[in-house]
Amino acid sequence: MRVGGGACPCAWLAVATLIGTAGLSWAATSTGDHLELLDVLTKLEATLRETVGCEGRVEQLWEAVRVRNALLDDMKAKVLQRMDQIAVIKKADRVPVEDCEDSFTRVGNSCYHTYSDHLRVWWRARFHCWILGSDLVHPEDLHSLRNYVPEAGDTKYWIGARTVTSGDVPEWWWVDGERIDTKDDNYTSLTQHPQSHKCAMLDTFTFQLEATDCEDPHGVTLCEVKMYSN
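None of these values were measured; they are calculated from a predicted model.

Considering the packing of aromatic side chains
Applying the stated criterion to the full structure yields 3 aromatic pairs. Just above the ring of Trp130 sits the side chain of Lys90; from NZ or CZ to the centre is 5.5 Å. Above the ring of Phe207, the side-chain terminus of Arg146 is found at 4.2 Å from the ring centroid.

Below you can see the structure in the form of structure tokens.
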């Protein structure tokens, strides 16, 4: 197949580069958009392979995409690391909170907010909470959530806990720097999943935490602001 109008057939490669660059912003919207991007690139690859003069440049297209994805992953990891550091500082400072914001509901000594219009992966859920001045929930105990989270259905909520270590028994931590005792009956389930599952979800059917792939796009965002008094 040839490109009409006398244009260089490999002008398509410029389009490919633009789409690869756009991947950074597309990836910042939703998992569905990211899959759509891959679909577009796959179709573009087929076109390039059929275009005279572009056969050897398909690999360059995918290399550009790989490099941009690696840059995005590195940036995401650094942002999450800085968020962890700030969460530790905020916990230590115990800044007083007088009342909950309008989009939050007070239960005990916490303000909770859920966002279920769009299901998200773990780190996107955390970013959403931070935009609202909160973080993914770290309940004093799981039972304290029963007054806020419905106990019916199979809804699963992202929780502010993950593991960044490997080994026979990975260490689990709350995002504010507190270590989770996985010997506690409430948290033993975290160690009963594949080691590739590094983020925690609350299963409202069992009302237990479970280790889940951080890129699972089916989690409801559950945010929390701790209420400290003077």
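Quick notes on the nonpolar core
The biggest cluster of nonpolar side chains holds 21 residues, and the ones touching the most others in it are Leu145, Ile159, Leu202 and Leu209. Of all elements in the fold, only strand S4 (156–162), strand S6 (199–203), strand S7 (208–212) and strand S8 (219–226) reach the threshold of two or more residues within this core. By size, the runner-up hydrophobic cluster in this structure holds 19 residues, among which are Leu80, Val121, Met201 and Met227.

What to know about the layout of surface pockets
If you add up the space inside the largest pocket, you get close to 740 Å³. Going through the elements one at a time, helix H3 (58–93), strand S2 (110–120), strand S3 (135–136) and S8 are the ones with two or more residues in the lining of the largest pocket. A breakdown of the residues in the lining of the largest pocket according to their chemical character gives 17 nonpolar, 7 polar and 11 charged. Approximately 540 Å³ is the volume found for the second largest pocket. As for the second largest pocket, its lining consists of 21 residues, and the residues nearest its centre are Leu80, Asp84, Arg162, Thr163 and Val164. Of all elements in the fold, only H3, helix H4 (122–131) and strand S5 (173–174) reach the threshold of two or more residues within the lining of the second largest pocket. In terms of residue count, the dominant contributor to the lining of the second largest pocket is H3 (5 residues). Class assignment of the residues belonging to the lining of the second largest pocket gives a composition of 10 nonpolar, 5 polar and 6 charged.

Definitions and cut-offs
Along each chain, residue indices are assigned from 1 in the same order as the chain's sequence is written. Since the coordinates come from a predicted model, pLDDT governs what is reported: local features require at least 70, and pairs of side-chain atoms require 80 or more to be given and counted, while whole-chain, interface and lining totals use all residues. Only hydrogens and water are removed before side-chain values are computed, so all heavy atoms of the structure are retained for them. Note on aromatic contacts: the rings of Phe and Tyr and the six-membered ring of Trp form a pair at centre separations within 6.5 Å, being stacked when their planes are under 30 degrees apart, edge-to-face when over 60 apart, and tilted otherwise. Look at NZ for Lys and CZ for Arg. If either is within 6 Å of the ring centre and within 35 degrees of the ring normal, a charge sits over the ring. Among buried residues, the Ala, Val, Leu, Ile, Met, Phe, Trp, Tyr and Cys ones that are joined through side-chain atoms within 4.5 Å form a nonpolar core. Throughout, exposure labels follow a simple rule: accessible area from a 1.4 Å probe, protein chains only, divided by the maximum for the residue type, with under 20% read as buried, over 50% as exposed, and the rest as partly exposed. In DSSP terms, a helix is any run of H or I states spanning at least four residues, a strand is any run of E spanning at least two, and both are numbered starting from the N terminus. A cavity here means a set of points on a 1 Å grid, drawn over the protein atoms and nothing else, where a 1.4 Å probe fits but cannot get out; a pocket is an open set with protein on both sides within 12 Å along at least five of seven lines, and a residue lines either one if it has an atom within 4 Å of a point. Grid points are joined across faces, edges and corners, and a volume is the space filled by probe spheres set on the points. Polar here means any residue outside two lists: the nonpolar Ala, Val, Leu, Ile, Met, Phe, Trp, Tyr, Cys and Pro, and the charged Asp, Glu, Lys and Arg; Gly therefore counts as polar.

Read these as geometric descriptors, not functional statements.
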